[in-house]
Amino acid sequence: MKFNTKTIHGGQEPDKAYGAVMQPIYQTTTYAQSTPGGHKGFEYSRTHNPTRSALERAFASLENGEYGLAFGSGLASIDAVMKLLKPGDEVISTNDLYGGTYRLFKQVFEKFGIKFHFIGMENAADIEQYVNQNTKLIWVETPTNPMLHIIDIQAIAEVSKKHNVLLAVDNTFATPYLQRPLDLGADIVMHSATKYLGGHSDVVMGALVVKDKELADKLYFIQNASGAVCGPQDSFLMLRGIKTLHVRMQRHCENGKKVAEYLAKHPKVEKVYWPGFEDHPNHEVAKKQMRDFGGMLSFTTKNNDYSEAIKIVERLQIFTLAESLGGVESLAGHPASMTHASIPKEEREKTGVVDSLIRLSIGIEDIEDIIADLEQAIG
Ligand code: P1T
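Residues numbered from 1 in each chain as written. Predicted model: local features only at pLDDT ≥ 70, side-chain atom pairs only at ≥ 80, totals over all residues. Heavy atoms only, no water.

Asks: Help me out: how do you make sense of the site of the ligand in this one?
Replies: Residues in contact with the ligand amount to 19 residues; listed here are only the nearest, Asp170, Thr194, Lys195, Ser324 and Arg359. Asp170 is positioned with one of its side-chain polar atoms (N or O) 2.6 Å from a nitrogen atom of the ligand. Compared with its free state, where it exposes 480 Å², the ligand has 94% of that area covered by protein. Listing elements by their share of the shell around the ligand, those giving two or more residues are helix H3 (74-82) and strand S6 (188-192). Domain assignment of the residues forming the shell around the ligand places at least three in each of domain 1 (3-242) and domain 2 (246-378). (Near = heavy atom within 4 Å. Polar contact = N/O pair within 3.5 Å; in protein donor to acceptor, adjacent residues only side chain to side chain. Areas by Shrake-Rupley, 256 points an atom, 1.4 Å probe, with all protein chains shown as cover. Helix = DSSP H or I, 4+ residues; strand = E, 2+ residues; numbered from the N terminus. Domains from an automatic or database assignment.)

Asks: In this structure, what is going on with the side chain of Asp373? I would like to understand it.
Replies: Its location among the elements puts Asp373 in helix H13 (residues 367-378). Buried charged residue Asp373 carries no salt bridge. Nearest counter-charge: Arg315, at 9.0 Å. Within the structure, the side chain of Asp373 is placed 2.9 Å from the backbone nitrogen of Phe319, a separation counted as a polar contact. (Buried < 20%, exposed > 50% of the residue type's maximum accessible area, 1.4 Å probe, protein only. Lys, Arg positive; Asp, Glu negative; His and termini not counted. Salt bridge = Lys/Arg side-chain N within 4 Å of Asp/Glu carboxyl O.)

Asks: Quick question: what am I supposed to make of helix H9 (residues 245-264) here?
Replies: Each turn of an α-helix holds 3.6 residues, which means side chains three or four residues apart point in the same direction. Along its 20 residues, H9 runs 28 Å from first to last C-alpha, staying within 8% of the 28 Å computed at 1.5 Å per residue. Within H9, burial applies to Leu245, His246, Arg248, Met249, His252, Cys253, Asn255, Gly256, Val259, Ala260, Tyr262 and Leu263. (Expected span 1.5 Å × (residues − 1).)

Asks: Explain the domain arrangement of the chain here, please?
Replies: When the parts come together, some accessible area is lost, and that loss is often what is quoted as the size of the interface. Per the domain assignment, the segments making up the chain are domain 1 (3-242) and domain 2 (246-378). Here the C-alpha centroids of domain 1 and domain 2 sit 26 Å apart. With 42 residues of domain 1 at the contact, the number on the domain 2 side is 42 residues. Across the interface of domain 1 and domain 2, roughly 3400 Å² is buried in total on both sides, 59% from carbon and sulfur atoms. (Contact = heavy atoms within 4.5 Å. Buried area = accessible area lost by both parts, 1.4 Å probe.)

Dropping the structure here:
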């Protein structure tokens, strides 16, 4: 099955009970047993629920994996991956990443004795110096949030395999429409499904997909033991959103390119971060591992003026000033005071998250309206 077909049919079949074409919402916590242990594969909805199971099969299909897991949020899915580790273990992570992921690593898991190294990974060889016998996981976000750095997944996978370390890739910005990390050698792919997979800004959810049965069993154990699952209504909405992933992504990419090109020529704009530009430091890697360049971009204004950036985001009208990304509607954010406020100023500025940085999630509205809105807001 090819990708566009998978978004609609991957892991899905008409419901066994009545032939319903859409996966029914099994709004139930529990399942009748004829005798203790005599059930139809479902016992309790924290462990399994038919609507969630259909979604988990869809996630696995999209990412060319074998096993999918759905969680109550993207962070809950990252939390589950971290619970594979034990005190004394070390993690090497991209230094530019979603602020909430950084907060989870630093403020929750560091307390339990896990050590994190946050490093630039544009050059995969740089990782080697941080690998030691305690290293258990490499955590990669690509494209990174919010600087749109591109990390070469295949090159990092070579390092992870050489040292027998797990490689997890947060594929939220790219989606499996643009890149499939498991095909490139990653062990775990993670999503804030809240974003492009759901696509309509109405569900908070996380996803993991793996190929390996043993790893899947460990994660299913954690999913059930810790219990951060999503409900059947949200699973249904996610399944519905996924069916249009490919058409939405195509338009996000088309509009993203036009906005990036428009901003790059704007006299008040200092720099535009978008992996489709030939002078983007890892443009060649982006071309190699992604089908297109996505709908996310960030930019700074001249003089790095905090109050000017705030005025721009306040003036926007088609764009909504809001956290999150990846919905059909265009959103704008000010990372330093919003999504990345939990990262200390010195840390975030090292990776480029300066006061004038504005992040845009380009929606699928008419491009003329999107650009006119930026024009009036930037002035
Ligand atoms: O919000 P949640 O579903 O828990 O997912 C967390 C997460 C993980 N990884 C990436 C790359 C993300 O962007 C996010 C969430 N990000 C935002 C809310 C944001 O506005 O950037």
